[in-house]
Amino acid sequence: MSPLNPSTLRDFRMTFYRWEFQDSDYINLQEEQAIKAYAKGCVEQLLPSLKKLQDHTLRLTPAQETDYLLTLLLAVELADLYSLRPRIVKHILTRIPQLPDSRHKTHLQTHLYIVSDRADLLAAALDASSAWDTQTLTPEDRYIRQYLQEEQEILILQP
């Protein structure tokens, strides 16, 4: 997996979303282990680029960087490599204010909210996604929008 190949990154993220939507009653242990092994392999391929980004030896456009960080975060989650999460989250929190607004930034804010429970990230993602044209949503946008709508409903119901 190359951090510069948008279609490969998108394909991995779609694998992540399909895995998230599967009913756990229908997943056997062998399939779960295979999915986690796949995600771990993706992390191993993606992680060296994080050091290069931090050292400024890898130059990515803001869109490429957002895609890369989103995919790395999802791969770590899917592989259950939680020991890597603090380092990645710290880097993303540093970079996210400098990334231009985009749907992928909203995706990144949403997933960062999921792992960090920071209300400011949820608020920013809800605000950004409310302006999306429903006629132009990608499958990934639909997943994010559905998640955000469910979170918003939960917040409304809380006392």
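Above this text you will find the structure in question.
Here we summarise the structure given alongside this text. (Residues numbered from 1 in each chain as written. Predicted model: local features only at pLDDT ≥ 70, side-chain atom pairs only at ≥ 80, totals over all residues. Heavy atoms only, no water.)

**Considering unusual backbone geometry**
Right, so step 1: If you check the backbone angles, D80 has positive phi at about 60° while not being a glycine.
Right, so step 2: Relative to the helices and strands, D80 is located in the loop between α3 (62–78) and α4 (85–95).
Right, so step 3: Overall, D80 belongs to the partly exposed group, its relative accessible area being 29%. (Helix = DSSP H or I, 4+ residues; strand = E, 2+ residues; numbered from the N terminus. Buried < 20%, exposed > 50% of the residue type's maximum accessible area, 1.4 Å probe, protein only.)

**Observations concerning the packing of aromatic side chains**
Right, so step 1: Taken as a whole and judged by the stated rule, the model has 3 aromatic pairs.
Right, so step 2: Pairing F16 with Y17 gives two aromatic rings, centres 5.7 Å apart and planes at 80°, and the pair type is edge-to-face. You'll find F16 and Y17 in the same group, each marked buried.
Right, so step 3: When the ring of Y17 is compared with that of Y143, the centres are 4.2 Å apart and the planes differ by 35°; the resulting orientation is tilted. One end of the pair, Y17, is in helix α1 (residues 6–21); the other, Y143, is in helix α7 (residues 139–157), and 126 residues separate them in sequence. For the pair Y17 and Y143, one class covers both residues: buried.
Right, so step 4: Taken together through their ring pairs, the aromatic side chains of F16, Y17 and Y143 make up a single cluster. (Phe/Tyr/Trp six-rings, centres within 6.5 Å; stacked < 30°, edge-to-face > 60°.)

**Considerations on the pattern of salt bridges**
Right, so step 1: Using the criterion set out here, one finds 9 salt bridges in the structure.
Right, so step 2: We note a salt bridge from E77 to R85, for which the minimum N-O separation is 2.8 Å.
Right, so step 3: Two residues, K105 and D101, come together in a salt bridge whose shortest N-O distance is 3.5 Å.
Right, so step 4: On the accessibility criterion, K105 (8% relative accessible area) is buried. (Salt bridge = Lys/Arg side-chain N within 4 Å of Asp/Glu carboxyl O.)

**Thoughts on the nonpolar core**
Right, so step 1: The biggest cluster of nonpolar side chains holds 44 residues, and the ones touching the most others in it are Y68, L72, L73, I88, I92, L108 and L112.
Right, so step 2: Among the elements of the structure, α1, α2 (29–54), α3, α4, α5 (103–116), α6 (119–129) and α7 are those that each provide at least two residues to this core.
Right, so step 3: Here this core gets 9 residues from one element, more than from any other, and that element is α3. (Core = buried A, V, L, I, M, F, W, Y, C linked by side-chain atoms within 4.5 Å.)

**Observations regarding the side chain of E65**
Right, so step 1: Residue placement: E65 occurs in helix α3.
Right, so step 2: Owing to a relative accessible area of 5%, E65 belongs among the buried residues under this scheme.
Right, so step 3: Non-local contacts of E65, meaning those with residues more than four positions away in its chain, are made with L53, L60, H91, R95 and L99. (Contact = heavy atoms within 4.5 Å.)

**Regarding the side chain of E77**
Right, so step 1: Along the polypeptide, E77 turns up in helix α3.
Right, so step 2: Setting aside anything within four residues of it in sequence, one finds E77 in contact with F16, Y82, R85 and V115.

**Section: the packing of α3 against α5**
Right, so step 1: At a minimum axis distance of 9 Å, the contact between α3 and α5 shows a crossing angle of 30°. The orientation of α3 with respect to α5, classified from their angle, is roughly parallel. The crossing of α3 and α5 is left-handed. Contacts from T66, D67, L69, L70, L73, L74 and E77 of α3 reach α5 at H104, K105, H107, L108, H111, L112 and V115.
Right, so step 2: Looking at the contact of α3 with α5, its residues break down into 7 nonpolar, 4 polar and 3 charged. (Axes fitted to C-alpha atoms, helices over the stretch in contact; angles between N-to-C directions. Parallel < 35°, antiparallel > 145°, perpendicular 65-115°, else oblique. Left-handed = near helix turned anticlockwise from the far one by under 90°. Nonpolar A, V, L, I, M, F, W, Y, C, P; charged D, E, K, R; others polar.)

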